[in-house]
Amino acid sequence: MKENDKGLEALMVYVNALGSSHLKDYPDQLEQIFDKAVIAALFSAGNEKRVGLLASLCEDPICGRSKCRNILDKLMKGGLMFVEDVQTILPKLRDWQKREDHDFVSPLEYAVFEHNLTCLTSIYDIVSIKTLLSLLHMKQVKVYMLLERMIRNNKLQAEIDTVDGFVTFTQSTELLNIRQILGKGLQCTHQPILQQPEELHRC
């Protein structure tokens, strides 16, 4: 099972647990489950099922006081994530979610990059690498590497022009579905996406 499939499965378990009558008298446990649900959503595949589960979380009374509210809001509406959003969940993450691979990329950094780039596909059909570097506040070598990883993992349908420095997002069925899903929420704002904290970005 792929990691994002596991994330979706965990999200479903947590959302179901939030509706359990056995936990209604344990608010602290419910808040912990809520935060775990939001984190699972960040690491899960963006599809209609996830949108429905995210909507359930938005309607939960815990949403208003959760420290993960900003991440939930941006996952639901297609908003760009900031460094402060990620910092709120760092203490709640498991070791494997923060551990960097041989390319100095952690699963968290990849999940955030994937979310933010998917956001940009709802705005752009073609974008320059220069624009991506400006928005992402990342070095060119890492942007190219993560773009290629998304394409290789079938997370992104795109063509990279390394000569002229452009990325063209192709009109695949999957991409069109993602755009429709993001269209149900607010459009992305043109703001810096993520300035990586030291433990996330050393390259």
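This text follows the structure it describes.
Residues numbered from 1 in each chain as written. Predicted model: local features only at pLDDT ≥ 70, side-chain atom pairs only at ≥ 80, totals over all residues. Heavy atoms only, no water.

### Some remarks on the side chain of Arg149
Relative to the assigned elements, Arg149 resides in helix α9 (residues 140-152). On the basis of relative accessible area, Arg149 is assigned to the buried category, the value being 13%. If sequence neighbours within four positions are ignored, Arg149 has contacts with Asp101, Asp103, Val105 and Tyr110. (Helix = DSSP H or I, 4+ residues; strand = E, 2+ residues; numbered from the N terminus. Buried < 20%, exposed > 50% of the residue type's maximum accessible area, 1.4 Å probe, protein only. Contact = heavy atoms within 4.5 Å.)

### Comments concerning the nonpolar core
The biggest cluster of nonpolar side chains holds 33 residues, and the ones touching the most others in it are Leu11, Phe34, Leu42, Leu57, Ile89 and Leu108. Those elements that place two or more of their residues in this core are α1 (3-18), α2 (27-42), α3 (48-59), α4 (69-77) and α7 (107-121). Here this core gets nine residues from one element, more than from any other, and that element is α2. Excluding its chain neighbours within four sequence positions, the residues that come into contact with Ile89 are Ile39, Leu42, Cys68, Ile71 and Leu108. Ranked by size, the runner-up nonpolar core spans 21 residues in total, among them Val105, Tyr110, Phe113 and Ala158. (Core = buried A, V, L, I, M, F, W, Y, C linked by side-chain atoms within 4.5 Å.)

### Some words on the environment of Glu109
By the element assignment, Glu109 lies in helix α7. Sequence-wise, Glu109 and Lys98 are 11 residues apart; in three dimensions their C-alpha atoms are separated by 8.1 Å.

### Describing the environment of Leu42
Within the secondary structure layout, Leu42 lies in helix α2. Looking at Leu42, the relative accessible area reads 6%, which means it is buried. Taking the C-alpha atoms as reference points, Leu42 and His115, separated by 73 residues in sequence, lie 7.9 Å from one another. Discounting residues that sit within four places of it in the chain, Leu42 has contacts with Leu75, Met81, Ile89, Leu108, Ala111 and Val112.

### Observations regarding the packing of aromatic side chains
Aromatic rings considered in pairs are described by the distance between their centres and by the relative angle of their planes. Following the criterion strictly, the structure yields one aromatic pair and no others. In this structure, Arg149 packs its charged tip against the face of Tyr110, placed 5.6 Å from the ring centre. (Phe/Tyr/Trp six-rings, centres within 6.5 Å; stacked < 30°, edge-to-face > 60°. Lys NZ or Arg CZ within 6 Å of the ring centre and 35° of its normal.)

### Section: the sheet that holds strand β3 (residues 166-169)
Spatial ordering of the open sheet is given by β1-β3-β2, a layout of three strands whose pairing is antiparallel. The sheet terminates laterally at β1 (126-128) and β2 (158-161), the two strands that pair on one side only. On average, each strand axis in the sheet is inclined to that of its neighbour by 15°, with strand direction left out of account. As defined by bridge partners, β1 adjoins β3 across three bridges and the pair is classed as antiparallel. Bridge assignment links Val127 to a residue of β3, and that residue is Val167. (Pairing = 2+ DSSP bridges. Axes fitted to C-alpha atoms, helices over the stretch in contact; angles between N-to-C directions.)

### What about the pattern of salt bridges?
A full pass over the atoms with the stated rule returns eight salt bridges. Between Lys77 and Asp73 there is a salt bridge; the shortest N-O distance is 3.0 Å. Taken as a pair, Lys77 and Asp73 lie in helix α4 at a separation of four residues, close to a single helical turn. The class for Lys77 is partly exposed, based on a relative accessible area of 30%. In this structure, Lys142 engages Glu109 in a salt bridge whose closest nitrogen and oxygen atoms are separated by 3.5 Å. Of this pair, Lys142 sits in helix α9 while Glu109 sits in helix α7, placing them 33 residues apart in sequence. (Salt bridge = Lys/Arg side-chain N within 4 Å of Asp/Glu carboxyl O.)

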